[in-house]
Amino acid sequence: MRGNIWIYILTGFVVSYLIRVLPLTLIRKPIKNQFIRSFLYYVPYVTLSVMTFPAIVEATSSPIAGVAALVVGVVLAFFGAGLFPVAIACCVVAFVSEYLVSVL
């Protein structure tokens, strides 16, 4: 087991290094294809969403509370509320939902 950790670390290093270096070395001229440019533009947002949304739902002991907080947060953000009010509202909704689920 102890010797395997160095293999895991080396593999992680190589994969991380290649992901960062290969695009810089292989793509030297500007990308003109609109589809590829659009795809690359949205990759960070999609990646963040895929990591964040399940964590929001699973952060509470009841998925119902997580989903309720998520819905409130999305609605408030859609109507232009700032980050701090959205965060406070989501925390309050999650807290109240957790309490109601535990009581009922």
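Being a predicted model, the structure only gives us computed values, none of them experimental.

(A) How the structure looks around helix α4 (residues 83-103). When the terminal C-alpha atoms of α4 are compared, their 30 Å separation across 21 residues agrees well with the 30 Å that a helix rising 1.5 Å per residue should span. Along α4, the positions that sit buried rather than exposed are Val 86, Ala 89, Cys 90, Val 93, Ala 94 and Ser 97. Within α4, the buried residues cover an arc of 135 degrees as seen down the axis, which keeps them to one side. Opposite the packed face of α4, turned more than 90 degrees from it, sit the exposed residues Phe 84, Cys 91, Phe 95, Tyr 99, Ser 102 and Val 103. Buried positions along α4 lie against α3 (63-78).

(B) Structural detail: the confidence of the model for the protein. Averaged over all residues, the pLDDT of the protein equals 90, while 97% of them reach at least 70. Least confident of the elements in the protein is helix α1 (residues 4-26), whose mean pLDDT is 89; most confident is α3, at 94.

Rules and cut-offs
Residues numbered from 1 in each chain as written. Predicted model: local features only at pLDDT ≥ 70, side-chain atom pairs only at ≥ 80, totals over all residues. Heavy atoms only, no water. Helix = DSSP H or I, 4+ residues; strand = E, 2+ residues; numbered from the N terminus. Expected span 1.5 Å × (residues − 1). Buried < 20%, exposed > 50% of the residue type's maximum accessible area, 1.4 Å probe, protein only. Arc of directions from axis to C-beta. Contact = heavy atoms within 4.5 Å. pLDDT = per-residue confidence, 0-100.

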